[in-house]
Amino acid sequence: MAAPKKGRGPSGGQGRPGRALALILIAMVALTGGMFLSGHTTPRLGIDLAGGTSITLKAKSQPGKPDAINPTNMDTAVSIIERRVNGLGVSEAEVQTQGRDNIIVNIPKGTNSKQAREQVGTTAQLYFRPVLTVTAGQATPTDTASPSASGSAKPSASPSDKETASGSKATPSASATTQGRAVTGALKKDTSPSPSTSASGTPKASASPSASVDPATAELQKRFAALDCSTKAGRAKAGATAKPTDTTIACSSEGDAKYVLGPAEVSGTDVDSAKATIDQQRGMWIVQMDFTDKGSKKFQQITSKLSQQQSPMNQFAIALDGEVVSAPQVNETLSGSAEISGSFTQQSAQDLANVLSYGALPLSFDEDTVTTVTAALGGEQLQAGLIAGAIGLALVVIYLVAYYRGLALIALLSLLVSGILTYTLMSLLGPAIGFALNLPAVCGAIVAIGITADSFIVYFERIRDEIRDGRTLRPAVERAWPRARRTILVSDFVSFLAAAVLFIVTVGKVQGFAFTLGLTTLLDVVVVFLFTKPVMTLMARTKFFSGGHPWSGLDPKRLGAKPPLRRTRRVNAPTDPKEA
């Protein structure tokens, strides 16, 4: 006897709607919890909504270098401009490329727009300066600035600079010490490092400087003692107005050390190239740099002097816009090329190489456009966008209730779930990838309401078609799903493809519209599969919907349904017995 054929049940998780609902509920709880734990409970607003200044810079290549405008040079310029903007104490600024030769700088409200334009529009200044003194980055009391009789001073904390500059065959020292001359004693000497030292290795200092310090030196000493490099404001002010020929003070980029630096001996334009590479023999990341012919002679002269000094006077500071990005030691005379080694990671080595490369970057920037949006105007635009979204949502709700009646409840719950997922993701994507909700992005979210509602309508109409053919609700729900699923996927794929193409080929604020449209389209697929279909399956088991209540939206009479389809066994017609 043949085994009975088993009926084919619903595929996937559609026969178990509870699992799908549990999955999307867990996702909602996780995203909401992550939003509150991160402290970012509202989406990050763009300049046009929050207010601020938007500056567009156009790159120009120097004469004789037509290929200077390329992605590598533009990315390096972006990192330098971003460093400058951060020096203004701005925490929410955005610096990004736009197209091939434009850089967009968006600075939020509360920032001096004039100062910001001056900072981002000028060319970066990279100099190699000899280190005269280095101490910890915090401000020191005034009474401790005076040097001792021996002319040496010990910092309260050790700076983190441990890089070493050497030739290709030199072996770097293990670490750098942090002892140096007192401020006054260092400034009384010639600004260029002198090889004369005492037998113990401590630079000689003259008699007590208190009686012979000139006003300029005293003022620099006072500024150095008061300098606090642990704050952005302190790092931005240090050496901001110093000329290349001046002795100046500076902070490290991390803020853990402050320096007194001599006049610049080598400029950034003397650097021919710089790159980060890994030393296979030592298994460590290093930065290799080559100098021009003119720069090679300058570098040879300064390293010849520095190599004869004791630490920290054998260090040269690589100062970008007055901020020390590295201060390696010099152990030998170097000329055409050098390498900087230390406790580099791949990222830190590449960052330093980019900074060194910027000194020879054959680019300059012109200010193309400047747009300033006040906070009041941004608030008005945000309010107008929210009102437009509310009107669009209200119209969708009215249509669903008037046409689908009870089914509108499922559609509204699905829209609510989609809204929660969209809001939490936008709030989390702000700090994660820098996503900012601008006015075009708000328009994309409003358009997404119609796209999401369209998916529900497709499914509901497929169910109604099955009921019109005479089927009851529960089989109608399952038979309508495969046909509706194909239509929804094709429709959402077309919408997502359009959003992706728009995001790639456009720049600026239009990308916000494309990104929001693509994000909400993906969420529409998630909501329909994991919420709308499972909820519809559960609702089909209730008496209100399965019984065809007039307000359920699935009343067979209102839909003009045919008589129910029933399978009946064929009955043979009785035959009269034949007579003999």
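Residues numbered from 1 in each chain as written. Predicted model: local features only at pLDDT ≥ 70, side-chain atom pairs only at ≥ 80, totals over all residues. Heavy atoms only, no water.

(A) Representation of the overall build of the protein in the model. The number of helices and strands found in the protein is 16 helices and 17 strands. Evaluated residue by residue, the protein yields a buried proportion of 43% over its 580 residues. Contacts in the protein between residues far apart in sequence, at least 24 positions, make up 76% of those at least 6 positions apart. Looking at the protein as shown, the accessible area adds up to about 30000 Å², and 57% of this sits on carbon and sulfur atoms. (Helix = DSSP H or I, 4+ residues; strand = E, 2+ residues; numbered from the N terminus. Buried < 20%, exposed > 50% of the residue type's maximum accessible area, 1.4 Å probe, protein only. Contact = heavy atoms within 4.5 Å. Areas by Shrake-Rupley, 256 points an atom, 1.4 Å probe, with all protein chains shown as cover.)

(B) Expanded view of a nonpolar patch on the surface. Side chains of Val490, Phe493, Val494, Leu497, Val501, Phe503, Ile504 and Val505 sit close together on the surface and give an oily, nonpolar patch of about 800 Å² of accessible area. With respect to the helices and strands, the residue Val501 is situated in helix H13 (residues 473-505). (Patch = residues over 30% accessible without salt bridge, like charges linked within 9 Å, V, L, I, M, F, W, Y side chains within 5 Å. Salt bridge = Lys/Arg side-chain N within 4 Å of Asp/Glu carboxyl O.)

(C) Region of interest: the pattern of salt bridges. Under the counting rule described, the total for this entry stands at ten salt bridges. The partner of Arg468 in a salt bridge is Asp465, and the shortest N-O contact between them spans 2.9 Å. Here Arg468 pairs with Asp465, and both are found in helix H12 (residues 439-468), just three residues apart, close to one helical turn. Owing to a relative accessible area of 27%, Asp465 belongs among the partly exposed residues under this scheme. One salt bridge in this structure joins Glu478 and Lys533, with 3.4 Å as the shortest N-O distance. Note that Glu478 is positioned in helix H13 and Lys533 in helix H14 (residues 510-539), a separation of 55 residues in sequence. Here the salt bridges share partners, and the residues they tie into one network are Glu466, Arg471, Arg479 and Arg483.

(D) Region of interest: the packing of helix H11 (residues 407-433) against H14. Following both chains from N to C, one finds H11 and H14 inclined at 145°, their axes separated by 9 Å at the closest point. In terms of crossing hand, the pair formed by H11 and H14 is right-handed. Counted together, Leu407, Ile410, Leu413, Ser414, Val417, Ser418, Leu421, Thr422, Leu425, Met426, Leu429 and Ile433 of H11 and Phe515, Thr516, Leu519, Thr520, Leu523, Val527, Phe531, Thr532, Val535, Met536 and Met539 of H14 form the full contact between these two elements. Tallied by class, the residues present in the contact of H11 with H14 amount to 17 nonpolar, six polar and no charged. (Axes fitted to C-alpha atoms, helices over the stretch in contact; angles between N-to-C directions. Left-handed = near helix turned anticlockwise from the far one by under 90°. Nonpolar A, V, L, I, M, F, W, Y, C, P; charged D, E, K, R; others polar.)

(E) Up close: the confidence of the model for the protein. Looking at the protein as a whole, the pLDDT averages 75, with 73% of positions reaching at least 70. Taken as a whole, residues 143-161 scores under 50 in pLDDT and shows 40 contacts with residues more than four places along the chain or in a different chain. Predicted confidence is poor over residues 168-211, with pLDDT under 50, and the contacts of this stretch with residues over four places away or in other chains come to 90 contacts. (pLDDT = per-residue confidence, 0-100.)

(F) Quick look at the state of the cysteines. Evaluated as defined, the whole model comprises one disulfide. The partner cysteine of Cys229 in its disulfide is Cys251, sulfur to sulfur 1.9 Å. Judged by the torsion about the S-S bond (-75°), the Cys229/Cys251 disulfide is left-handed. Residue Cys229 is located in the loop between helix H6 (215-226) and helix H7 (232-237), and its partner Cys251 is located in strand S8 (residues 248-252); the two are separated by 22 residues in the primary sequence. Each member of the pair Cys229 and Cys251 is classed as buried. (Disulfide = S-S within 2.5 Å.)

(G) Spatial organisation of the pairing of strand S13 (residues 316-320). Here S13 lies mainly inside the structure; five of its five residues are buried. Burial of S13 is two-sided: the residues Phe316, Ile318 and Leu320 facing one way and the residues Ala317 and Ala319 facing the other way are all buried. Across five bridges, strand S4 (residues 126-136) lies against S13 in antiparallel orientation. Bridge pairing links Arg129 to Ala317 in S13. As paired elements, S13 and strand S14 (residues 323-326) share three bridges and run antiparallel to each other. Paired with Leu320 across the bridge in S14 is Glu323. Counting the residues in the hairpin turn of S13 and S14 gives two residues, including Asp321, whose phi is positive at 55°. (Pairing = 2+ DSSP bridges.)

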